[in-house]
Amino acid sequence: MSLELIHGRWAGRIPSPLRDVVVDVAQELAAGRRRRDEQGTASADDLGLIDRPALLGATLPAEHDGEALPTAALVEVFATLAAADPAVTQLLLPHFVQVRVILGLGGPELVTQVVEEIRAGGRLSAGASERGTPRAWVPATRLRPGDPPTLSGRKYYATGALTARRLGITALDADDRLVLAVVPADAAGLVLEADWDSFGQRATASGSVVLTDVRVDPANVLPLWKGGDTPGVEGAFDQLLHAAIDQGIARAALTATRDYLRDHARVWFESEAERIVDEPEVVARFGEIAARVIAADGALAAAARRWDEVVAEDVTADSAATLSIEVAAAKDATTRVAIETANSLFELGGASATASGHGLDWYWRNARTHTLHDPIRWKHRHIGNYALHDTRPPRHGLI
């Protein structure tokens, strides 16, 4: 018996033939996820599963011979793959974000180069976050003027950077404006360090990117600062993909809970039921959790469809604001449901569910780690200000 409703009717959300690719990738990712988690890394063969041109190029527009996959479908791709392995799936997130930025702000030569690399299975990554700065997400990395300009700094949490073809590095230019410098991963002066040591999302091929006077083609410096001058939807796009990863974890944890209850969990000695899955309290609690997973799935899907509707029109300050709020609400729902569902696996499964041989802590560790990407308390603040004071949320990559 399947959990089709819980897992979402993705067969209708992902167009064929990409649907077949996603199913195949998901099955192979699931088969090796425990090995990757224990080793804390993904092999070249593992990464080859996602570095398929059909997947990496799914959102390329028609003028680049792409399928122009709607975001509503892309979100389902992410949720489906994340249910199999959210760590490897996360490698795709900076890729698709960078694709949008480069197609939107890059010149013809850069766009052509990147598209050709994608067609050959080249994945993009990013270097945005840093350690040691007074505030999170405020870069200390600098793009210094010159002929050509040079990039120096140190990035951390660079998901997928260790195995990417190109990196989009956020930095401040000489005028303290935010820019994106797109550089080859093998550029002189760029060093990749495999120092990601989290207890969850362990196989994200993340690490530090150390940049020492890296020469940058001026044509590959993109003015992110201009995004603050006009209504934008890029932050909402990024947040939708993060939310989809959390939703995939919730779906997988719910299925794991069901399977453990059916196959392993024992009836409590005070119960009159013959099987734990027939205990009324267990049935009700499982139903409560399942209802929240279903509700979060609906919120995520609705927000993704809304994103497609907004970008199909002329984006206005009002439409961008309402979209950001809807996506923030969906992110709140998926964050909560991923953690709660992973917790409930042990709540219902009992002490025996914590045995390392079952590997069930994998769901909780991934949920707890990935949902920390950005704090939902700030989502609540922006939603509250919008609802109470008609204050539009700020325009940046986290809302």
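In short, a report on the structure. Only a predicted model underlies this, so the values are computations on that prediction, with no experimental measurement involved.

## With respect to helix α12 (residues 361-370)
Working step 1: Counting buried positions along α12 yields 7 of 10 residues, so the element is predominantly enclosed.
Working step 2: For α12, the set of buried residues is W362, Y363, R365, N366, A367, T369 and H370.
Working step 3: Packing partners of the buried residues in α12 comprise α2 (18-39), α5 (71-84), α6 (86-90), α9 (234-263) and α11 (317-349).

## Some thoughts on the pattern of salt bridges
Working step 1: Under the counting rule described, the total for this entry stands at 35 salt bridges.
Working step 2: Beyond isolated ion pairs, a larger network of salt bridges with shared partners links R285, E288, R292, E340 and E347.

## A short note on the environment of A205
Working step 1: Following the sequence through the fold, A205 ends up in the loop between β6 (190-193) and β7 (208-215).
Working step 2: A sequence separation of 171 residues divides A205 from I376, and the C-alpha atoms of the two residues are 25 Å apart.

## A few points about empty space enclosed by the protein
Working step 1: Taken as a whole, this structure holds 1 cavity of 30 Å³ or more when the rule is applied.
Working step 2: If you go around the largest cavity, the residues you meet are R33, R36, D37, D85, A87, Q201, R202, A203, W362 and N366.
Working step 3: For the lining of the largest cavity, the secondary structure elements donating two or more residues are α2 and α12.
Working step 4: Residue contributions to the lining of the largest cavity peak at 3 residues, all from α2.

## Structural notes on the pairing of strand β5 (residues 178-184)
Working step 1: A large share of β5 lies buried, amounting to 5 of its 7 residues.
Working step 2: When strand β4 (residues 166-172) meets β5, the two strands line up antiparallel, connected through 7 bridges. Each residue of the ladder has a partner; that of L172, found in β5, is L178.
Working step 3: Two successive antiparallel strands, β4 and β5, enclose a turn made up of 5 residues, where D176 displays a positive phi of approximately 60 degrees.
Working step 4: Both β5 and strand β8 (residues 221-222) contribute to a ladder of 2 bridges, which runs antiparallel. If you follow L180 over to β8, its bridge partner there is L222.

## Considering α2
Working step 1: Along its 22 residues, α2 runs 30 Å from first to last C-alpha, staying within 8% of the 32 Å computed at 1.5 Å per residue.
Working step 2: The largest bend in α2 comes to about 50 degrees, at G32.
Working step 3: Residues of α2 that are buried include every one of L18, V21, V22, V25, A26, L29, G32, R36 and D37, and no others.
Working step 4: In the core, the buried residues of α2 are packed alongside α3 (44-50), α4 (53-56), α5, α6 and α12.

## Looking at the packing of helix α7 (residues 92-105) against α9
Working step 1: At a minimum axis distance of 10 Å, the contact between α7 and α9 shows a crossing angle of 160 degrees. Considered as vectors, α7 and α9 are oriented roughly antiparallel to each other. Both α7 and α9 take part in a crossing whose hand is right-handed. When α7 is examined against α9, the residues L93, F96, V97 and R100 are found in contact with a partner set consisting of E234, F237, D238, L241, H242 and I245.

## Considerations on the pairing of β4
Working step 1: Burial analysis of β4 places 7 of its 7 residues in the buried class, the great majority of the element.
Working step 2: Burial along β4 is two-sided: the residues R166, G168, T170 and L172 and L167, I169 and A171 are all buried.
Working step 3: Note that strand β1 (residues 124-127) and β4 share 4 bridges and pair parallel. From the neighbouring strand, G127 faces β4, where its bridge partner is I169.

## Some points on the packing of aromatic side chains
Two numbers describe a pair of aromatic rings. These are the distance of the centres and the angle of the planes.
Working step 1: Going through the model one piece at a time under the given rule, you end up with 7 aromatic pairs.
Working step 2: Ring centres of Y157 and W196 lie 5.8 Å apart, and the angle between their planes is 80 degrees; on these two criteria the pair is classed as edge-to-face. Of this pair, Y157 sits in the loop between β3 (150-155) and β4 while W196 sits in the loop between β6 and β7, and the two are 39 residues apart along the sequence.
Working step 3: Judged by relative accessible area, W196 falls into the partly exposed class, the value being 23%.
Working step 4: Taken together, a centroid distance of 4.9 Å and an interplanar angle of 85 degrees make the contact between W362 and Y363 edge-to-face. Y363 matches W362 in its accessibility class, with the two residues each being buried.
Working step 5: Within the aromatic cluster, the residues linked to one another by ring pairs are Y156, Y157 and W196.
Working step 6: Of note, R33 hangs over the ring of W362, and the distance from its end group to the ring centre comes to 4.3 Å.

## Concerning the side chain of D374
Working step 1: Examined against the element boundaries, D374 turns out to sit in the loop between α12 and α13 (376-389).
Working step 2: On the basis of relative accessibility, which here comes to 2%, the residue D374 falls in the buried class.
Working step 3: At 3.0 Å, the side chain of D374 and the side chain of K379 are in polar contact.
Working step 4: Apart from residues no more than four positions distant in its own chain, D374 is found in contact with Q239, K331, K379 and L398.

Calculation notes
Residues numbered from 1 in each chain as written. Predicted model: local features only at pLDDT ≥ 70, side-chain atom pairs only at ≥ 80, totals over all residues. Heavy atoms only, no water. Buried < 20%, exposed > 50% of the residue type's maximum accessible area, 1.4 Å probe, protein only. Helix = DSSP H or I, 4+ residues; strand = E, 2+ residues; numbered from the N terminus. Contact = heavy atoms within 4.5 Å. Salt bridge = Lys/Arg side-chain N within 4 Å of Asp/Glu carboxyl O. 1 Å grid on protein atoms, 1.4 Å probe; cavity = no way out; pocket = protein on both sides within 12 Å on 5 of 7 lines; lining within 4 Å. Points joined across faces, edges and corners; volume = space filled by probe spheres on them. Pairing = 2+ DSSP bridges. Expected span 1.5 Å × (residues − 1). Bend = angle between axes of the 7 residues up to and from the residue. Axes fitted to C-alpha atoms, helices over the stretch in contact; angles between N-to-C directions. Parallel < 35°, antiparallel > 145°, perpendicular 65-115°, else oblique. Left-handed = near helix turned anticlockwise from the far one by under 90°. Phe/Tyr/Trp six-rings, centres within 6.5 Å; stacked < 30°, edge-to-face > 60°. Lys NZ or Arg CZ within 6 Å of the ring centre and 35° of its normal. Polar contact = N/O pair within 3.5 Å; in protein donor to acceptor, adjacent residues only side chain to side chain.

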